[in-house]
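Observations on chain architecture
The primary structure of each chain is shown beneath.
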Amino acid sequence: EINRGLMSAGYAPAYTDLPYEHEDLKHVFSAVDQMLVNHMPYPAIVLNQNWDIVKANASAQALFVCLGYAEHKNLVEAIIADDPATSKIVDWHEAVRTMLIRIRHEIIASGSSSHLEALEKKLTTCLASDDTFTIAETEPVPSVQLQLPDRILSFFSIIAQLGTVQDVTVSEFKVELMFPTDGRTASYYKAHSRLN
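Cut-offs applied
Throughout, a residue's number is its position along its own chain's written sequence, starting from 1. Given that this is a predicted model, residues contribute local features only at a pLDDT of at least 70 and side-chain atom pairs are listed and counted only at 80 or more, while totals for whole chains, interfaces and linings are drawn from all residues. As a convention, hydrogens and water are excluded, and side-chain values are obtained from all of the structure's heavy atoms. Whether two strands pair depends on DSSP finding at least two bridges between them. Helix numbers and strand numbers start at the N terminus; a helix is a DSSP run of H or I with at least 4 residues, a strand a run of E with at least 2. The convention used is that axes are lines fitted to C-alpha atoms, helices contributing only their stretch in contact, and that angles between N-to-C directions extend from 0 to 180 degrees. In this description, contact between two residues means that some pair of their heavy atoms is separated by no more than 4.5 Å. To sort residues, take the accessible area from a 1.4 Å probe on protein chains only and compare it with the maximum for the residue type: under 20% means buried, over 50% means exposed, and anything in between is partly exposed. Here, expected helix span is obtained from the residue count minus one, scaled by 1.5 Å. Note that the arc is computed from the directions linking the helix axis to the C-beta atoms.

1. Things to note about the sheet that holds strand β4 (residues 152-160)
Pairing in this open sheet of five strands is antiparallel, and the strands run β2-β1-β5-β4-β3 from one edge to the other. Since the sheet does not close on itself, it has two edges, and those belong to β2 (53-56) and β3 (144-147), each with one partner. Strand-to-strand twist across the sheet, computed as the mean angle between neighbouring axes with direction ignored, equals 30°. Summarising the sheet, strand β1 (residues 44-47) and β2 pair through three bridges and their orientation is antiparallel. Residue pairing in the sheet places Val46 in a bridge with Lys55 of β2. Its contacts with the sheet place helix α3 (residues 58-67) against β1, β2, β3, β4 and β5 (174-180), and it is angled at close to 115° to β2.

2. Topic: unusual backbone geometry
Here the residue pair Met40 and Pro41 is connected by a cis peptide bond, since its omega of 15° sits within 30 degrees of zero. When you line up the elements, Pro41 lands in the loop between α2 (26-38) and β1. The backbone of Trp51 sits at a positive phi, close to 65°, despite the residue not being glycine. Tracing the chain through its elements places Trp51 in the loop between β1 and β2. A relative accessible area of 1% places Trp51 in the buried class.

3. Regarding α2
When the terminal C-alpha atoms of α2 are compared, their 18 Å separation across 13 residues agrees well with the 18 Å that a helix rising 1.5 Å per residue should span. For α2, the full list of buried residues reads Val28, Phe29, Val32 and Leu36. Relative to the axis of α2, the buried residues are bounded by an arc of 90° and lie together on one face. For α2, the exposed residues set more than 90 degrees away from the buried face come down to His27, Val37 and Asn38.

Written out as structure tokens, the structure reads:
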């Protein structure tokens, strides 16, 4: 936003906007890759400003296959294409409302692309106007439940971003680390990690 304001006034941008592959960004994305590896056996993904899935660890990739999202490059588009009646997301409407809160916060807090704003509008239409948003009062952090063929997995997420940046590309990346909400999910991944 600062860059756009400066350029519209005829000034040079204050912050660089290096391509993802640039040599100066290698150490940053090497650290991000390490986060994905270290988070195994739990799912972890890297999203850009538009919620495109930039990277995913093996656990997240397997989860996307189970959810039917493997063909999608954008997480919001995957949710929009998902049918709530047959979705593997047990609490689909609550998950969508939580996602909308996050997207709207990002749009307000840091500006956004027209693409993200268009996705927000599309996602909003997926909910009926009379849908109510309920969060379990016993949960300190909202979680999402996913129906696998033989079990339900439950996760909450921690979002990591670089706090002090001088480059637009780096500022737009966020790492989402998914953690088990319950013992059943934790046990499933412990058993799964022993098999691999």
